[in-house]
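Chain by chain, the residues:
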Amino acid sequence: MLRRMWTIFVARNKEFYRDRASFGWSILFPFLVIIGFSFLFDQDRQAMYKVGLIGPSAQPERAARSPQYDDFRKTRFVEFVEFASADEALPKLLHHRIDMLVDPGAGEYWVSRSSPRGYVVEKLLSSSGSGSAQFKKREVEGIEIPYVEWMFPGILGMNMMFSALFGVGYVVVRYRKNGALKRLSVTPLSPFEFLTAQIISRMVILIATTSFVYAGCALMYRFECRGSYAALVFVFALGGFSMVALGLLIAARSASEEFAGGVLNILTWPMMFLSEVWFSLEGAKPWVKGLAKIFPLTHMVDCTRRIMNDGTPLSQMLPQVAVLAGSAVLFLALGSVLFQWQKK
Amino acid sequence: MNILEVNGLVKHFPEVKAVDGVSFSIPAGSCFGLLGPNGAGKTTTIEVIEGIQKRTSGDILYKGARRGPSFRQEVGIQLQNTELPQFLTVRETLNFYRNLYDRRADLSWLIEICRLEEIMDRDNWKISGGQKQRLLLAIALANDPDLVFLDEPTTGLDPQARRHLWEIVRQIRIQGKTVVLTTHYMEEAQILCETIAIMDHGKIITMGEPEDLLAQYARGSTVVLRGLARDDALSGLQCSWDRLEDRVEIRTENVNECLRELIRNDVDLTAMTIRSQNLEDLFLMLTGHSLRG
Ligand SMILES: Nc1ncnc2c1ncn2[C@@H]1O[C@H](COP(=O)(O)OP(=O)(O)OP(=O)(O)O)[C@@H](O)[C@H]1O
Ligand SMILES: [Mg+2]
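Below, the structure is looked at part by part. Bear in mind the structure is a predicted one, so any value in this text is a computation, not a measurement.

So, on to the interface of chain A and chain B. In this assembly, 21 residues from chain A lie in contact with 23 residues from chain B. Taken together, both faces of the contact between chain A and chain B bury some 2200 Å²; the carbon and sulfur share is 57%. On inspection of chain A and its partner chain B, the count reaches four salt bridges. The partner of E92(B) in a salt bridge is K14(A), and the shortest N-O contact between them spans 3.2 Å. Seen at the junction of chain A and chain B, the total is nine residue pairs in polar contact (both at pLDDT 80 or more). Contributing elements (two or more residues each) for the side of chain A that touches chain B: helix 1 (2-18) and helix 7 (180-185) of chain A. Top contributing element to the side of chain A that touches chain B by residue count: helix 1 of chain A, with eight residues. Split by residue class, the side of chain A that touches chain B holds seven nonpolar, six polar and eight charged.

Residue and element names in this part refer to chain B. Helix length check: helix 6 (residues 159-174) (16 residues) gives 23 Å between terminal C-alpha atoms against 22 Å at 1.5 Å per residue, within 8%. Close packing links the buried residues of helix 6 with strand 3 (31-35), helix 4 (107-113), helix 5 (129-140), strand 6 (147-151), strand 7 (178-183) and helix 7 (186-192). Between the side-chain oxygen of the N-cap and the backbone nitrogen of Q160 there are 3.0 Å, and the N-cap of helix 6 in question is D158. Directly beyond the C-terminal end of helix 6, a positive phi value near 90° is found at G176.

Residue and element names in this part refer to chain B. Near ligand 1 you find 14 residues, and of these N38, K42, T43, T44 and H184 are the closest. A distance of 2.9 Å separates an oxygen atom of ligand 1 from a polar backbone atom of G41. Contacts to ligand 1 include T44, whose side-chain N or O atom sits 2.5 Å from an oxygen atom. Calculation on ligand 1 without its partners gives an accessible area of 630 Å², and the protein chains cover 66% of this total. The dominant element in the shell around ligand 1, judged by the number of residues it contributes, is helix 1 (residues 42-50), at three residues. A class-by-class count of the residues in the shell around ligand 1 yields five nonpolar, seven polar and two charged.

Moving on, we get to the coordination of the magnesium ion (ligand 2). As a benchmark, a tetrahedral metal site with four donors has ideal angles of 109.5 degrees, while an octahedral site with six donors has ideal angles of 90 or 180 degrees. In this structure, T43(B) (OG1) and Q80(B) (OE1) serve as the protein donors to the magnesium ion (ligand 2), at separations of 1.8 to 2.2 Å. Highlighted residues: T43(B) in helix 1 and Q80(B) in the loop between strand 5 (75-78) and helix 3 (90-98), separated in sequence by 37 residues.

Residue and element names in this part refer to chain B. In total, this model carries 14 aromatic pairs over all chains according to the counting rule given. A ring pair is formed by F24 and F32, whose centres lie 4.5 Å apart and whose planes are at 20°; its orientation type is stacked. Comparing F24 with F32 shows no difference in burial state: the two are buried. Taking the centre distance of 5.0 Å and the plane angle of 85° together, the rings of Y62 and F71 count as edge-to-face.

Residues and elements named next belong to chain A. Along the polypeptide, G247 turns up in helix 9 (residues 229-250). Note on G247: relative accessible area 0%, which makes it buried. Leaving out residues up to four positions away in the same chain, G247 has contacts with L165, V168 and G169.

About the criteria used
- Residues numbered from 1 in each chain as written.
- Chains lettered and ligands numbered in written order.
- Predicted model: local features only at pLDDT ≥ 70, side-chain atom pairs only at ≥ 80, totals over all residues.
- Heavy atoms only, no water.
- Contact = heavy atoms within 4.5 Å.
- Buried area = accessible area lost by both parts, 1.4 Å probe.
- Salt bridge = Lys/Arg side-chain N within 4 Å of Asp/Glu carboxyl O.
- Polar contact = N/O pair within 3.5 Å; in protein donor to acceptor, adjacent residues only side chain to side chain.
- Helix = DSSP H or I, 4+ residues; strand = E, 2+ residues; numbered from the N terminus.
- Nonpolar A, V, L, I, M, F, W, Y, C, P; charged D, E, K, R; others polar.
- Expected span 1.5 Å × (residues − 1).
- Near = heavy atom within 4 Å.
- Areas by Shrake-Rupley, 256 points an atom, 1.4 Å probe, with all protein chains shown as cover.
- Donors = N, O, S within 2.8 Å, 3.2 Å for Na, K, Ca; no water.
- Phe/Tyr/Trp six-rings, centres within 6.5 Å; stacked < 30°, edge-to-face > 60°.
- Buried < 20%, exposed > 50% of the residue type's maximum accessible area, 1.4 Å probe, protein only.

That is the geometry; function is a separate question.
Here it is in structure tokens:
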């Protein structure tokens with residue numbers, strides 16, 4: 001049994017790395033996205049600054065009648081984003097989602113210590129309303145995270161999602177369509193052995209490519225992982241496993257690549273957009289946030305971000321870890337029950 | 001001893017009765033040929049025996065008992081169409097399949113018998129149709145099987161490649177293995193098989209040794225007429241005839257009498273050929289249609 005699983009495992013690995021196009025792509029893609037985004041973001045910085053405002057007093061008419069504040073609000077190329085409280089807004093400042101945070105009611109502001117953009121907006125604020133009462137500067141507590149570093153776990157997660165779902169789902173469907181599975185079904189190989197070998201193969205591929213991309217980006221951008229690497233690997237592996245299992249579930253019966261491709265797209269797109277890889281769900285409707293929680297990618301990205309950016313220990317993320325593990329078991333169980341060698 | 005016995009095998013699909021009560025038994029070490037036109041039910045019959053499809057009813061006994069786990073270990077299978085793993089070489093593919101079994105055929109024996117020496121290190125997608133067919137045969141032999149199923153092993157091959165394959169099948173036979181093969185070619189069945197069964201519409205029409213079948217049904221000759229536009233000249237003919245696509249075939253046990261009749265009817269005999277009957281004629285006689293389109 002072990003020899004049979006090993007045989008399938010080795011063959012699948014060879015197929016993967018000899019398929020130059022998809023192999024190259026799975027490595028190159030995350031690099032391109034990260035390089036592209038860090039570049040785009042740099043461009044964006046030159047054009048516009050974001051300043052957070054706290055409280056209902058953010059509305060100009062209800063704001064403390066400070067000439068400095070009124071003047072500052074008229075500054076061009078500064079976008080003002082409103083927040084309900086400092087607790088909500090400060091993490092955004094730390095994560096460079098905004099460049100400065102102002103509480104007009106209290107006459108206070110926060111700015112990121114190391115951010116050149118923060119420095120510029122601070123100067124803009126202090127030079128507004130010539131000589132009238134000054135806003136007080138407050139120290140920011142916590143560590144600020146470069147935007148690229150905040151993006152990075154999301155991009156790795158997204159890449160894993162595509163690799164897991166398409167690499168397993170599509171491949172098994174193709175095997176079924178071209179009769180390779182039918183031929184295997186008349187050998188002593190059992191579905192369990194076959195599926196296990198597929199999972200292990202894809203897990204090894206996922207971990208290897210992810211580690212490679214991680215190392216590459218860490219060198220290029222001097223990344224820092226504030227939490228433990230063991231926890232990071234664990235969450236990536238668990239999340240990857242859950243998505244590989246989801247891929248197998250989708251591929252359990254279909255013999256049509258178009259159908260499987262459609263289902264995979266229907267799953268991957270919402271996963272990508274709702275898991276906060278690209279867009280923050282800050283201020284989104286509750287049902288959207290709820291929907292996001294059913295996707296393994298959401299939890300994986302959330303956990304890996306917290307480990308990398310904030311150094312959160314695994315023990316504080318047990319619910320998410322439980323969701324990932326639970327979904328993996330559920331997908332795998334359903335996938336193996338439904339699995340069929342042949343098209344019907 | 002019979003290595004395989006099939007009794008009243010039935011396989012119904014929603015729209016067709018693909019196999020409609022088929023029975024035969026195959027002595028160990030022999031070669032059994034299933035013959036029939038497209039859609040006769042040959043593939044379905046052997047796929048049900050192989051365990052790929054579920055039967056509707058009927059019994060299948062392998063070595064006198066129902067097929068157990070040992071069945072998969074001991075049979076070798078070549079499906080009618082199988083895709084090979086894309087990114088493996090021929091050698092890797094062979095080893096891949098060998099490693100799925102407990103009993104493995106000697107690699108050098110496989111290479112020699114299927115003449116794979118030259119292509120062993122070539123990628124699967126770079127080999128020709130004939131080479132692929134030989135590789136598929138080698139895969140079917142990867143577990144050194146007792147019973148080998150070959151579904152149309154020579155379809156699409158040129159005459160020489162076909163002859164190569166026949167040679168390989170003979171070699172397998174010498175090893176004492178039992179072979180079950182399907183084919184569209186009477187000649188092939190006649191050369192390779194001790195027993196042939198002719199199938200049409202899911203039923204076995206007749207079965208036996210090729211020589212016996214010929215002696216029984218096909219003693220006479222066949223007169224082939226080309227360029228005969230209308231059938232009415234043949235209407236009064238004593239012997240049976242069929243109009244095929246481009247020709248008329250008349251079967252007779254008395255050529256002289258038949259020709260006299262044709263001349264009497266003023267039939268143009270310019271493009272006429274006469275041959276002794278073969279299994280193809282037998283098939284035509286039994287089913288009323290030709291074996292290959
Ligand atoms: N999975 C299936 N579902 C429905 N009908 C099927 C299925 N497989 C085969 N059939 C039908 O069963 C009949 C027998 O098909 P089968 O493939 O056994 O013929 P065959 O003798 O092998 O023909 P060929 O020489 O073309 O390979 C055909 O009418 C075919 O359309
Ligand atoms: Mg067939």
